[in-house]
Amino acid sequence: MLEVTGLRVAYGGIHAVKSITFHINEGEMVALIGANGAGKTSTLKAIARVLDAAGGDVHFAGEDITRLPAHEVLGRGIALVPEGRGVFPRLTVAENLMMGAYIRHDRAEIARDMEQVYDHFPRLREREGQLAGTLSGGEQQMLAIGRALMGRPKLLLLDEPSMGLAPLMVQKIFAVIQAVAAQGMTILLVEQNARLALEVSQRAYVMESGGISHTGNSAELLTDARVRAAYLGE
Ligand SMILES: Nc1ncnc2c1ncn2[C@@H]1O[C@H](COP(=O)(O)OP(=O)(O)O)[C@@H](O)[C@H]1O
Ligand SMILES: [Mg+2]
């Protein structure tokens, strides 16, 4: 469904992503793990076209999307939930969710999807009229994921959904990510929490200094001695 070939990202003279190649099949949850600074966020941003790639190409559902503007990539069904969430702090929870559906016109379906987001995250329903800026970090993460789902994406790009959150909140959010995956959503999950990412995904790529150092089935990587030593603290 997604084919990334020789993708490069540079900031001035800094080569953040050095010609990486990977793919995601429809319906898969694939993890992209690696230390801070490895190039994970830059990779997601280049796919979502929030930034320009320095080289390589990205195909989605058979179409070359490498040079499409960000809103057209979104229109093709790729939604990025950015690191740090990026909710609109001065809009309410419900308004933030509606923003996620702004490219849609099917009112009845939008209302139904909103109910489904509230079923996933009852905490958001309780706070539907509250300003997003007053939510806790975990609630903002829920809202960011909910907002992305309101666009009915085909591919969900999640950047560090567990970052800075208490274990109980991480558990709740990952339960929803798994539920959404079980409904057939294709997901690229970026995580510094390698163990968690490998536990919920089918396959994974390990990034190291801008390149891909390992790849394989997540269950196998969980038992790989090098991965355990470098990323699982064992
Ligand atoms: N806006 C930027 N300007 C310059 N360098 C950047 C910028 N964003 C990221 N980098 C650098 O690119 C590399 C990869 O960063 P990033 O993609 O954020 O990695 P990760 O998400 O894996 O932590 C790092 O060396 C980082 O310092
Ligand atoms: Mg990052």
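Residues numbered from 1 in each chain as written. Chains lettered and ligands numbered in written order. Predicted model: local features only at pLDDT ≥ 70, side-chain atom pairs only at ≥ 80, totals over all residues. Heavy atoms only, no water.

Participant: Which residues make up the environment of L165, and what values go with them?
Facilitator: Here L165 lies in the loop between β7 (155–159) and α7 (167–182). Its relative accessible area of 14% is what places L165 among the buried residues. With 60 residues separating them in the primary sequence, L165 and H105 have C-alpha atoms 34 Å apart. Excluding residues that lie within four positions of it along the chain, L165 makes contacts with R85, G137, G138, Q141, V170 and I173. (Helix = DSSP H or I, 4+ residues; strand = E, 2+ residues; numbered from the N terminus. Buried < 20%, exposed > 50% of the residue type's maximum accessible area, 1.4 Å probe, protein only. Contact = heavy atoms within 4.5 Å.)

Participant: If you had to explain the site of ligand 1 to someone new, which residues and values would you point to?
Facilitator: By nearness alone, every residue bordering ligand 1 is listed as Y11, I14, A16, A35, N36, G37, A38, G39, K40, T41 and S42. Here an oxygen atom of ligand 1 and a side-chain polar atom of K40 are 2.8 Å apart. Taken by itself ligand 1 offers 550 Å² of open surface, and the protein chains cover 62% of this. At the level of elements, β2 (14–24) and α1 (40–48) are the ones that each hand at least two residues to the shell around ligand 1. A total of three residues in the shell around ligand 1 trace back to one element, the largest contributor, which is α1. Taken together, the residues of the shell around ligand 1 sort by class into five nonpolar, five polar and one charged. (Near = heavy atom within 4 Å. Polar contact = N/O pair within 3.5 Å; in protein donor to acceptor, adjacent residues only side chain to side chain. Areas by Shrake-Rupley, 256 points an atom, 1.4 Å probe, with all protein chains shown as cover. Nonpolar A, V, L, I, M, F, W, Y, C, P; charged D, E, K, R; others polar.)

Participant: Could you give me a rundown of the layout of surface pockets, with the residues and numbers involved?
Facilitator: In this structure, the largest pocket encloses a volume near 570 Å³. Around the largest pocket, the lining comprises 28 residues; the ones closest to its centre are L74, I78, A79, L80 and Y102. The set of elements that each furnish at least two residues to the lining of the largest pocket consists of α2 (70–75), β6 (78–81), α3 (93–100) and α6 (137–149). Among the residues making up the lining of the largest pocket, the classes are represented as 16 nonpolar, six polar and six charged. Looking at which domains feed residues into the lining of the largest pocket, each of domain 1 (23–51 + 68–77 + 154–234) and domain 2 (86–152) gives three or more. One number sums up the size of the second largest pocket: a volume of about 250 Å³. Lining of the second largest pocket is provided by D113, Q116, V117, H120, L149, R152, P153, V180, Q183, G184 and M185. At four residues, the largest contribution of residues to the lining of the second largest pocket is made by helix α4 (residues 107–120). Of the residues contributing to the lining of the second largest pocket, the split by class is five nonpolar, four polar and two charged. Lining the lining of the second largest pocket are residues from two domains, each supplying at least three of them: domain 1 (23–51 + 68–77 + 154–234) and domain 2 (86–152). (1 Å grid on protein atoms, 1.4 Å probe; cavity = no way out; pocket = protein on both sides within 12 Å on 5 of 7 lines; lining within 4 Å. Points joined across faces, edges and corners; volume = space filled by probe spheres on them. Domains from an automatic or database assignment.)

Participant: Outline the packing of aromatic side chains, supporting the account with residue identities and numerical values.
Facilitator: This model, assessed by the stated rule, comprises one aromatic pair. Their ring planes at 55° and their centres at 5.4 Å tell us that F22 and Y205 sit as a pair that is tilted. Of this pair, F22 sits in strand β2 while Y205 sits in strand β9 (residues 203–208), and the two are 183 residues apart along the sequence. Using a relative accessible area of 6% as the deciding quantity, one classes Y205 as buried. (Phe/Tyr/Trp six-rings, centres within 6.5 Å; stacked < 30°, edge-to-face > 60°.)

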